[in-house]
Amino acid sequence: MSSVSTVHDRALSALYADHHGWLLGWLRRRLGNGWDAADLAQDTFVRLLLAPDGTPEKQRGWQLDEPRAYLTLIAKRLLANLHRRRALEQAYLETLAQLPEPLAPSPEQRALLLEALQQIDAALDGLPAPVRTAFLLAQLEGLGYAAIAERLSLSERTIKRYMVQAMARCIVHMP
Amino acid sequence: MSAEPLDALDEAVALRAAEWFFLLQSADATEADRQRCARWRAAHPSHAQAWERAQRVGQAFAQLPPGIALPVLGRARRRAAVRALALLLVAAPAGWLAVRQTPARDWLADHRTATGERQALALADGTQLQLDTASAVDIEFDSAQRLIHLRSGAIHIQTAPDVQVPPRPLRVATAQGTLQALGTRFTVRQEADHVLVAVFEGAVQARPAAPGAGAGALVLQAGQQARITRGQAGPPAPVEPQADSWTRGVLHVRDMPLRDFVAELGRYRPGVLRCDPAVAGLRISGVFQLRDTTAVIDSLPLALPVAVAYRSRYWVVVTAPDS
C-alpha cells in the first residue's frame, strides 16, 4: 500500500472517529428516523472513501478546516437525493394506482421500471424545467421539434439545443 | 466497458456525441453525415465511448411505457414547474397535479415524522408538542416569543406557562396565518389551502395572513374548531368529538363515510390506499389502532360489505365484494 493512501486512510479514520456520532445525531434530528439517519451517515463517509483523486479536499489529505461543515454539505446532498428518490417513488405508486388493470405492469416489471426511472431522474436532475420538458416530450411522446417548439412557445433552434443539452447530461450521468 | 458515470468524460465530447446522435436520427441525415460521424468516433476512444452511451440512453427511454414514465419523470418540482407539468400532460387525469410532495424544507426541519410515525416531545419551556404522521415543524424561541412553524402535517400542543418574565406569547405560524395560544390545549392541521384549528382547553386566537375587508382575528374557545384560510378565519364550528384521538394512537370515528375513513387511514400508511366509489358511501364507526394500518385494512371486510385488493403491499384498494 502506498504511503499516500495510508495517510488518507488515517485521516478518514480520524474523521470518522471524531464526527460520525455527531453526524448521526444531526441526521436523526432532521429525519426523525434512526434507520435513514444511520444509512445516510454511513453513505456520507463512503462518499469520502470513494472520492475521485481530483477532489481538492482529498488532494490535501483530508485535512479539513471545518470538518463538520464539509460533512454536513455532503450529507445535505445525500438528503436531497433521498428526497428526490422518495418523491419519484411516490409519484410512481400514484401513477400505477391510476392505471386500468390491463395496462398495469407485473410485479417483476414494476421493480425494474422503478429502477430505470430512478436512474433517468437522477441524470436529469438539475436541468432547467423547459430543457427537461422538451427532452421528455421528444423521448417519450415522440413529438417532433416543430410540435415541441409550438407547445413551449420557443424556437425550433432552442428545442434542438435543449435536446443536445439534455442528452449530453444523460451521457455523462447515466450508468 | 465501465458502468460508472464518466466524471472524467469531457463535457465537450458528450455534447458532440449528443449532436451526432440527433443528426443521424433525423430524416435529413446523408451518407456523408454518417461517414463523418464514423470518422469522429474513430478519432478517440472517448468519442466511441460517448457514442455508445448515447445509444444506451436512447434504448433506455425506448423501453419505458410512456403512460407511466411521462407523469412520473415530468412531475412538478416547484410551483414554477407546475406549468411544465401541464404542458406534458395535456389530457391528464386529475390525480397527477395532486401528487404529494415532501418539500426539501420539510426534510431539513427541526422535527419531522415519517409517514405512519408519531412523536411526542417537550419544548424548552415545558410545552408538550405531539407530531402526527408526516409532519414537520421548526422551533424558533427568542426573547420576544415562543414560535412554532408548522411546515406540514398536524400537531397537538399542550402549552406550559412561560418561565421567563415577562412571559412570552406562544404562537404557531402556518402558511395561512398565525395562531396565538391563550393557555391552552389545541391541534393544528395543515391542509392544501387552509389550516384546521381545534381547541380542547383554553382559547386560541387565529389571525389570517392576508385578511379581507371585515375579516380579522378570531378567538376560538374550548370545544370550537375553525378553518383558517389566508383571507379569513372561521366561522367557528363544534369540535368533532375524538378529533385528537391520534394523540392516543387511535383513529376514533363515528358514522364516518368510508371514503373519508380510508383517506384518513391512508395518511398513516406509505404508498397508496384507495376506496372504490361503489363503497365510498358506507358508514364506519369504531376505534382503530394507528400502529398497524394493515391490520385495520384487513379488518374492514369483517365490519362492512367490502373486499380488500392488495395490488402490492403498498397499493391497496377497498372495493365492493366480488368486483
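Residues numbered from 1 in each chain as written. Chains lettered and ligands numbered in written order. Predicted model: local features only at pLDDT ≥ 70, side-chain atom pairs only at ≥ 80, totals over all residues.

**Considerations on the overall build of chain B**
Thinking step 1. Across its full length, chain B holds eight helices and 17 strands.
Thinking step 2. Across the 323 residues that make up chain B, the buried fraction comes to 32%.
Thinking step 3. Here the contacts in chain B between residues at least 6 apart in sequence split such that 44% fall between residues at least 24 apart. (Helix = DSSP H or I, 4+ residues; strand = E, 2+ residues; numbered from the N terminus. Buried ≥ 20, exposed ≤ 12 C-beta atoms within 10 Å, placed from the backbone. Contact = placed C-beta atoms within 7 Å.)

**Section: the overall build of chain A**
Thinking step 1. Within chain A, the regular secondary structure consists of eight helices and zero strands.
Thinking step 2. When the helices and strands of chain A are listed from N to C terminus, the series reads α-α-α-α-α-α-α-α.
Thinking step 3. Every one of the 175 residues in chain A was classed for burial, and the buried ones make up 31%.
Thinking step 4. When contacts within chain A are restricted to residue pairs at least 6 apart in sequence, long-range pairs at least 24 apart make up 64% of them.

**A few points about the interface of chain B and chain A**
Thinking step 1. Taken together, the contact pairs 58 residues of chain B with 48 residues of chain A.
Thinking step 2. Contributing elements (two or more residues each) for the side of chain B that touches chain A: α1 (11-25), α3 (45-62), α4 (66-73), α5 (82-88), α6 (104-107), β1 (111-112) and β14 (272-275) of chain B.

**Things to note about the nonpolar core**
Thinking step 1. By size, the foremost hydrophobic cluster in this structure holds 62 residues, and its most contacted members are A:Ala134, A:Met163, A:Met167, A:Ile171, B:Ala17, B:Ala18 and B:Ala54.
Thinking step 2. A total of ten residues in this core trace back to one element, the largest contributor, which is helix α8 (residues 156-173) of chain A.
Thinking step 3. The residues touching A:Met163, leaving out its near neighbours within four places in the chain, are A:Ala134, A:Phe135, A:Ala138 and B:Phe22.
Thinking step 4. Within the second largest apolar cluster, 26 residues are counted, among which are B:Ile155, B:Ala198, B:Leu220 and B:Ile228. (Core = buried A, V, L, I, M, F, W, Y, C linked by C-beta atoms within 7 Å.)

**Details of the sheet that holds β14(B)**
All names here are of chain B.
Thinking step 1. The strand order β14-β17-β16 describes an open sheet built from three strands, whose pairing is mixed. If you trace the sheet from one side to the other, it starts and ends with β14 and β16 (307-312), each paired once. Taking each pair of neighbouring strands and ignoring which way they run, the sheet shows an average axis angle of 15°.
Thinking step 2. Here β14 runs beside strand β17 (residues 315-319); their pairing, made up of four bridges, is parallel. (Pairing = 2+ DSSP bridges. Axes fitted to C-alpha atoms, helices over the stretch in contact; angles between N-to-C directions.)

**Some details on helix α2 (residues 31-43) of chain B**
Thinking step 1. Taking 1.5 Å per residue as the helical rise, α2(B) with its 13 residues ought to reach 18 Å, and the 19 Å between its terminal C-alpha atoms agrees with that figure.
Thinking step 2. Where burial is concerned, little of α2(B) is hidden: one out of the 13 residues are buried. (Expected span 1.5 Å × (residues − 1).)

**With respect to the environment of B:Val250**
Residues and elements named next belong to chain B.
Thinking step 1. Among the structural elements, Val250 can be located in strand β13 (residues 250-257).
Thinking step 2. Between the C-alpha atom of Val250 and that of Arg291, which follows or precedes it by 41 residues, the distance is 7.9 Å.
Thinking step 3. In this view, Val250 contacts Ser245, Val287, Phe288, Gln289 and Leu290; residues no more than four positions away in its chain are not counted.

**Examining the packing of α1(B) against α2(B)**
Residue and element names in this part refer to chain B.
Thinking step 1. Two elements in contact, α1 and α2, have axes separated by 10 Å at closest approach and are oriented at 155°. When the interaxial angle is binned, α1 and α2 end up roughly antiparallel. Where α1 crosses over α2, the two elements pack in a sense that is left-handed. Along the contact surface, α1 presents Trp20, Leu23 and Leu24, while α2 presents Asp33, Arg34, Cys37 and Trp40.
Thinking step 2. For the contact of α1 with α2, a count of residues per class yields five nonpolar, no polar and two charged. (Parallel < 35°, antiparallel > 145°, perpendicular 65-115°, else oblique. Left-handed = near helix turned anticlockwise from the far one by under 90°. Nonpolar A, V, L, I, M, F, W, Y, C, P; charged D, E, K, R; others polar.)

**Quick word on the packing of α8(A) against α3(B)**
Thinking step 1. It is at 9 Å that the axes of α8(A) and α3(B) come closest, and there the two elements cross at 105°. Overall, the two elements α8(A) and α3(B) adopt an arrangement that is roughly perpendicular. Residue-level inspection shows A:Met167, A:Cys170 and A:Ile171 of α8(A) in contact with α3(B), the latter providing B:Ala50, B:Arg53, B:Ala54 and B:Val57.

**Structural notes on the environment of A:Val46**
Thinking step 1. With respect to the secondary-structure elements, A:Val46 resides in helix α2 (residues 34-49).
Thinking step 2. Along the primary structure A:Val46 and A:Leu12 are separated by 34 residues, whereas in three dimensions their C-alpha atoms are 10.0 Å apart.

**So, unusual backbone geometry**
Generally, phi is negative for residues other than glycine and the peptide bonds are trans, each holding for most cases.
Residues and elements named next belong to chain B.
Thinking step 1. Cis geometry is adopted by the peptide bond preceding Pro235, which originates at Gly234 and carries an omega value of 10°.
Thinking step 2. The residue Pro235 is located in the loop between β11 (224-228) and β12 (237-238) in this model.
Thinking step 3. Even without being a glycine, Ala134 presents a positive backbone phi close to 45°.
Thinking step 4. One can find Ala134 in the loop between β3 (128-131) and β4 (136-141).
Thinking step 5. Residue Asp255 is not a glycine yet carries a positive backbone phi of 60°.
Thinking step 6. Mapped onto the fold, Asp255 is located in strand β13.
Thinking step 7. Judged by the 7 C-beta atoms lying within 10 Å of it, Asp255 is exposed.

**Topic: the confidence of the model for chain B**
Note: predicted coordinates in regions of low pLDDT should not be interpreted at a detailed level.
Residue and element names in this part refer to chain B.
Thinking step 1. In this model, chain B carries a mean pLDDT of 84, and residues with pLDDT of at least 70 account for 86%.
Thinking step 2. Predicted confidence in chain B is weakest over α5, with a mean pLDDT of 47, and strongest over strand β6 (residues 154-158), with 96.
Thinking step 3. For the stretch residues 1-7, pLDDT sits under 50, and the model shows eight contacts to residues farther than four places along the chain or on other chains.
Thinking step 4. Across residues 78-105, confidence stays below pLDDT 50; counting only partners more than four residues off in sequence or on other chains, it has 42 contacts.
Thinking step 5. Here the predicted complex scores 0.50 on pTM and 0.79 on ipTM. (pLDDT = per-residue confidence, 0-100.)

**Some thoughts on the environment of A:Arg110**
Thinking step 1. Of note, A:Arg110 is situated in helix α5 (residues 107-124).
Thinking step 2. What makes A:Arg110 partly exposed here is the crowd of 18 C-beta atoms within 10 Å.

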